[in-house]
Each structure stands twice: as structure tokens, then as C-alpha cells.
Amino acid sequence: MKNLLRLAILISSFIFLFTACSYGKNSDISNLKKDTNKNKNLPVIGENVKFNPNKLINNGKPISIELWTWGDKELWQGIVKGYTYIYPNVNIKVVVQPWSDYWTKLPLSLRGNNGPALFNVHNSNHENIINYMAPYNIDIASLEKDFIGVKSHIENGRAYYIDYAINTGNIYYNKSMWKEAGLTDKEFPKTWDEFTQVAKKLTKRNANDKLIRAGFNFNGTAYQALIEGLNYQKGELLFKEDKKTVNFNNKTTIENTKYLVSLYNDAKVGSPDFGDDYLQSFGNGQSAMIYGWGSTEGELKRLYPEIDFGVFETPTPTKDIPFAYDRYNGESTPGINKNAPKEEQEVAQDFVRYFLANNEIIKTLSLKVGSFPAKYSLGKDKDILADPALLALSKRVENYIFPGPFPSTIETTSGKVFQNIFYNKVPIEKAVDDGENQMKKDMKYSTFKSVEDKYKFYSKLKDLHD
Amino acid sequence: MDIIQLRNKLKQILSLKNIVLILLFGYLAVFLIYPIYKAFIGSFHYWNPLSNTYKYLGLDNYKEVLTSQTFWKSIWNTLIFSVIAIFFRVIIGLGLALVLYSKILKSTSSFFRAVFYLPTITPLVAVSFVWMWLYNPQIGLINNVLGLTVNWLNNPSTALLSVIVMTIWKDFGYAIILFLAGLMSLPTECFEASSIDGASKLQQFKNITLPLLKPTTLFVIITSLITYLQSYIQILVMTEGGPGTSTYVISYLIFDEAFVKYNFGTASAMSVILFVIIAILTFITFKLSGERSVE
């Protein structure tokens, strides 16, 4: 008897040990009420993708699911609250993981069939999660009528996620430094040559010629985003004709990198050793201009509220309209776990419909991440256009190119190229060549296919190269 | 066989010892032997668990790894990292253990013991973030206090060294505790006898303390070696292997290959090679210390 008891204790300890780590499932339904009110007398929302709240979810029975994100917990809780207010039998627990952890934990938990029913998507990890995603139960035609760029997200006739906003780069400047340098709002540089001159004016050195303020700072991760934009401006695509092979080692990349090197070495508007992060340096009032994508605005407001900054459009090689002003990337709508229990998927599908039909949500999120809403009906929204970064974007929103959800190695390896050139003093040509080889190696088994040819002004490429 | 005999036989089988053994073997099989086996077999495949790809490649992964500059750079960095960190961990650990043992500090000895040990129990990620701030070229304490303009973590000549300094600072407390325990267990008669024979403190240290502390020193070296050959968290947080590949260490490379690129096959091949390297180094360390013990 004693032995049996010991055996039971040992076995249960082992079972406890082996099953203690389970996540993604949220079964806390103790505080939820059964919903019996089918007709809630609430209006149907949405233009083409419509959300009708007058129904029961999960037959009104209590249900709890998880939504994983790497972002702002309060913001997502607010969005979720709007939905659970309609359906008191539903609980959606928002779980936040830091970005780097998120992209390790999410794919592995989806693979292990214990992932969350709903999760935020970033298209750079498309290949790691797409096999575990359920398609939206929404017809493509309605999505296309409401949102920009749906086509590039269709796989086998289904949408697994789309863009709710368009994100790209702009130049952020410190308003006080701008004024102090005697610059006015009419002097926003249009070309890169003008930009260099402005950056020089904003640069400050002390009596010993020591840099005390950088006119322009791109240390850290800025190069990896900027170089693609600079290349697109000159009509250099990121992928070759087969749409699979990366096109990084080319004359344009080298020429553009040389320009960036010259900004530090010749124009002396900054230094690779002047802070190791462009955003932090700008936030600490040590750099006057930076190149940043949409999220920069939100981060500056959150981390450095005392900095008074403005935004202007990224300059171009000449005053003519370039092939594309920059690359854009979408801020993705939530994904649904295809291996989640059916009833959880039902909630997730309904939540996604609520999300897509709700203009307030799209607007709030777009403003938060400093991105232009991909929903046509919000294109001329007053609140959107009151935002300096989005106003800058709105003027030329159609002239940004989307290469597709390419694997993250393109950006991370470009970051290494920057480090090799600026810190390890590797010659530009060799660093770019090494970078392309690394990208090719990492993408050897990738199923990615570029959608650069779907860009509205793709045909202009011929004129440029003729 | 009657029921009583059967019961006794069953009792014998279900003895606590057997149950524990079965469970431990089960545990080892599931959590140790199977993963090692799986990684070894996986090292001959293109293996991406997320896309359910598992394609036989023969020795391609090994060829790729062994001809990769980044791999050898990582191996070299790992060795540099381990040797320097172990050397200073032992020297500082032993030195401070002697100071604490010598009663120079008298009643404050336990206070210092606690203070020195504090970094060891502080999470490595938190410590790494604090040191990143210390090393910051613009707002960091080190540059501001010393009046320098060094970009510690982005300069290829200082980046790895900066991470090593942080690691030594975090870890020497562990060595102090072990050396202190070793010193406390030394037989006092040897010291008394040598004092009567007129041996100086230095002679006592060289001829009695150090030889008697050999097992402790060996233990510190081997556990440190195994730990440092597998270190990657500080690299992940502080440099992400940069600038370029200047601070790549082998475990970080494996992590990057497996959990960023999800190329489990190549990561497994690297792990197998790392396993062999650790085994060889541990064997050499044991062999050398064993031979010296015989001498």
C-alpha cells in the first residue's frame, strides 16, 4: 500500500513536471455570463466587410481565448473590450511577449498545437506561421473593396491576413534644432543633395571639433530599411526577374551606400560612433534628423515626450517623381490558429470581422503605429491627416512599392552589412557581396515570391532602363 | 505460484528503488537520449519544423558548417571568451576568497561575501541591459567618468572584451564561494607544521594551499568551461553577434540558426560539433589534472 502511494506521488510529480508548461489556452470562464440575448439592437457596421453584432457567439455559452501580441497591451485590451462588451460570454485575454521572444514562442507553440486562437502577425515571419493559419471566412471581393493591397496577400484564393495600415519611412527632425539652425518650414529638402546641405547646417561641433550634435543619424537599424528605399527610388528592384533571387549586390546598392558613407566621412554630419541607436540619440536630443518608419512616431511620443519633432517626406535623387518613393510594408491584421478548437476559431473569425469592419479600430491602430490606414474609407479622415507623418505619406501613398512578405534575413543581413562597413571597415563592395551571399544562403529553401510586379507603376521600370 | 508469492514478487518489482530507476530512465530517455538522437539524425537533413520539411542531405550540413567562416570565427570567439573568462574567474575568485578567509575584513567578511555573490544570482538578461547602458558611447557611465569616446559594443576590438568583462563581473562570486568552502576544509595541521618549520605565508600558499585546492580549482574550471562554451544570452542581448560577426559565439550561432532562421538541420550539425569539442576539452582537462595529481 505504502509503495503504491509512493508510486502515485512520484508519477503525479512527473506528470506535473512534464505538463506544467502549457500556454496559449485560456480556460478562465468563471466570471463569464451566459449570453441569451440574440437580438442586441445594435447597428451593423462596415462598408463591404460587414459585422452584424445581433447574434450569439458559441451559442451564448462562456468561452475564453487568448490573443498574443508584441505590442501595446492596453491598446489591444481596449479593442478587445469593445468586442466582449457586445458578447459578455466571451473573454479574450491579451498576452504580450517582447518582439524577439514572440517570434520564437509563437511559431513553436503553433507548431505544438498549443498556440493562441488569435495572434498578431508580422509579414517578415510569414513563412514561419502561414502553415498554421486558418483563412478568413470573408469573401475576397469585399476585402478588396475596403482595403488597399489585398491581392498581394491572397494564397490559393484565400486571405489569411491582410494589411490594416501601410507603413513606410520618413525623415523626423527636431523642431528646436531646425529653428536654431535658421531653417524654416519651407526649407524641407526635396533631393538628397539638398538634404546633405541641411544636415550640415544642423550638425554641431565644439571648439575641439568634437561632434556634439549629429545633423543626421542612421546608426543601429536605420540603414537596413533606408537602403531598400534608396534603391527603389532609382528603380532597382529587391528581387531578380525570377521573383525569388535577391538582388542586393548591384551598382545601385553600392552607389547608395557610398552616399551614406560620405554623409559621415565627407559631409561629417554624423558618425557611426555617435550613439549606437538612431532613435535613442534623437530622443536624447543629440541628433537633429533621423530616418524612421511609422512606429518611430509612437516610440518617440512614448519614450521621449519632451522632444518636439516634425516629419517630412524622404528626399529623392532628383526633383522628379522617382520609380517609387520607398518600400512600404503592411501592418497586418490578426491571424487565426487553424489548430485551435472549433469554437475558439468561431470567436476568432468573428473578432477578425469586427476588427476589419470597425473604422475606429483601424484608425486608432494606424495612429498608434504611425501608419497610413489601408482602408479606403479612412483615406481622407481628418484625424489621420492631422498626424504629420501620415499627412506626409498621404500625398504620395500610391507611389510606394510592396515587395511582398520577404524573409527577415533581407533586413537583418543588411544590418550586418552596415556594421561590416561602418565598424569592421570592410570595403563596401565586399560587404555588399557577402551580404547577398548570406541572404541567398538563408533563402535557399524559401518559398517566397516577390510581388514587385504588382506595383502600380511597375511598367515605368522599362522606361528607366531603356 | 500462489497468490502470496505473486504478491511478494509484485511488491519486489514495485519497490521504491525500481520505481525511481524506471522513472529516471524514462526521464533520461525522453528528455536527454531522444533529443540527442533526434538532433544527430536531424543534422543530416534540411529540417524546418515549421514548414514540416525534413529532407535528407547526407553530409551537406557538416560540409557547409565546416567551410563557413562565421562558424570558425564563432569557435575562435568561444575559445577566447572561455579562456579569458575562466582565467579571471579563477584568479579573482581565488584572490578574493583568500582575502575573505584571511580575516583582514574581520566582521565585515560575511557582508562582502554576500555582496560579491549578488551578481551571480541576478538574472543575466537584466545585468546585460545594465552593462549595455554603462557601455553606451553617448550616455554611458564608463565613457562619461573616464572621459572617453569609445564605442565599446560596436568596435570589433572592444566588443567581445566588453561582454567578457561583464561576464567575469557577474560570475566571479560563484568562484569565491567555492574557493572559500575549499579553504575552510583545508587541514590546519599542515599550516601549523609548516609555520614551525619556518615557512613564509607565500611558501605556505604555493606549496600547501594551492595543491590542496586543486580539486576545487578543477571543479571551477570544468564547470566554467562547460558554461562558457554554451554561453549566448549576453551576446544575444548586448551585441546580437555584431558588429558584423565579431562577437558570434558558437551557441549564439546555433540559436540564430535554429530559432531565428528555423534551420534545425544546420543548427543540429553545429550542436554535434560543439558536443565533440566540449567532450574533447573536458577530457583533456581531466587528463592533464589527473596526470599532475599522480606526479
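Residues numbered from 1 in each chain as written. Chains lettered and ligands numbered in written order. Predicted model: local features only at pLDDT ≥ 70, side-chain atom pairs only at ≥ 80, totals over all residues. Heavy atoms only, no water.

K.L.:
Explain the pairing of strand S1 (residues 63-69) of chain A to me, and be specific about the residues and the numbers.
P.N.:
Residue and element names in this part refer to chain A. Most of S1 is tucked away, with seven of its seven residues classed as buried. Burial along S1 is two-sided: Ile63, Ile65, Leu67 and Thr69 and Ser64, Glu66 and Trp68, pointing in opposite directions, are all buried. Strand direction decides the pairing type here: S1 and strand S2 (residues 90-96), joined by seven bridges, are parallel. Opposite Ile63, over in S2, you have Val90 as the bridge partner. Considered for its hand, the β-α-β crossover made up of S1, helix H2 (residues 73-86) and S2 is right-handed. (Buried < 20%, exposed > 50% of the residue type's maximum accessible area, 1.4 Å probe, protein only. Helix = DSSP H or I, 4+ residues; strand = E, 2+ residues; numbered from the N terminus. Pairing = 2+ DSSP bridges. Right-handed = clockwise from strand over helix to strand, strands pointing away.)

K.L.:
Give a detailed account of the pattern of salt bridges, specifying residues and quantitative values.
P.N.:
All names here are of chain A. Evaluated as defined, the whole model comprises 21 salt bridges over all chains. The salt bridge involving Glu180 is made with Lys204; its shortest N-O contact spans 3.1 Å. Of the two residues, Glu180 sits in helix H6 (residues 175-180) while Lys204 sits in strand S8 (residues 204-205), which places them 24 residues apart along the sequence. (Salt bridge = Lys/Arg side-chain N within 4 Å of Asp/Glu carboxyl O.)

K.L.:
Describe the packing of aromatic side chains, and please don't skip the residues or the numbers.
P.N.:
Residue and element names in this part refer to chain A. As enumerated under the stated definition, the model contains 58 aromatic pairs over all chains in all. The interplanar angle of 70° and the centroid separation of 5.2 Å between the aromatic rings of Phe51 and Tyr354 together place this pair among those described as edge-to-face. With a gap of 303 residues between them, Phe51 in the loop between helix H1 (2-19) and S1 and Tyr354 in helix H12 (residues 342-357) connect regions that are remote in the sequence. Of the two residues, Phe51 and Tyr354, neither departs from the other in class, the shared state being buried. Taking 6.0 Å as the distance between ring centres and 0° as the angle between the ring planes, the aromatic pair formed by Trp76 and Phe355 counts as stacked. Separated by 279 residues along the polypeptide, Trp76 in helix H2 and Phe355 in helix H12 bring together distant segments of the chain. For Trp76, a relative accessible area of 5% gives the class buried. (Phe/Tyr/Trp six-rings, centres within 6.5 Å; stacked < 30°, edge-to-face > 60°.)

K.L.:
Please provide a residue-by-residue account of empty space enclosed by the protein, values included.
P.N.:
Residues and elements named next belong to chain A. Scanning the model with the defined rule gives one cavity of 30 Å³ or more in all. Size it by volume and the largest cavity reaches roughly 30 Å³. Together, Glu228, Asn231, Tyr232, Glu236, Leu237 and Leu238 line the largest cavity. Across the lining of the largest cavity, the residue classes break down as three nonpolar, one polar and two charged. (1 Å grid on protein atoms, 1.4 Å probe; cavity = no way out; pocket = protein on both sides within 12 Å on 5 of 7 lines; lining within 4 Å. Points joined across faces, edges and corners; volume = space filled by probe spheres on them. Nonpolar A, V, L, I, M, F, W, Y, C, P; charged D, E, K, R; others polar.)

K.L.:
Run through helix H8 (residues 222-233) of chain A, naming residues and quoting values.
P.N.:
Residues and elements named next belong to chain A. If you check H8, its first and last C-alpha atoms are 17 Å apart, about what twelve residues at 1.5 Å a residue would give, namely 16 Å. With twelve of twelve residues buried, H8 is to be regarded as a mostly interior element. Every buried residue belonging to H8 is among Ala222, Tyr223, Gln224, Ala225, Leu226, Ile227, Glu228, Gly229, Leu230, Asn231, Tyr232 and Gln233, and all of these are buried. Positioned one or two residues after H8, Gly235 has a phi angle of 80°, which is positive. (Expected span 1.5 Å × (residues − 1).)

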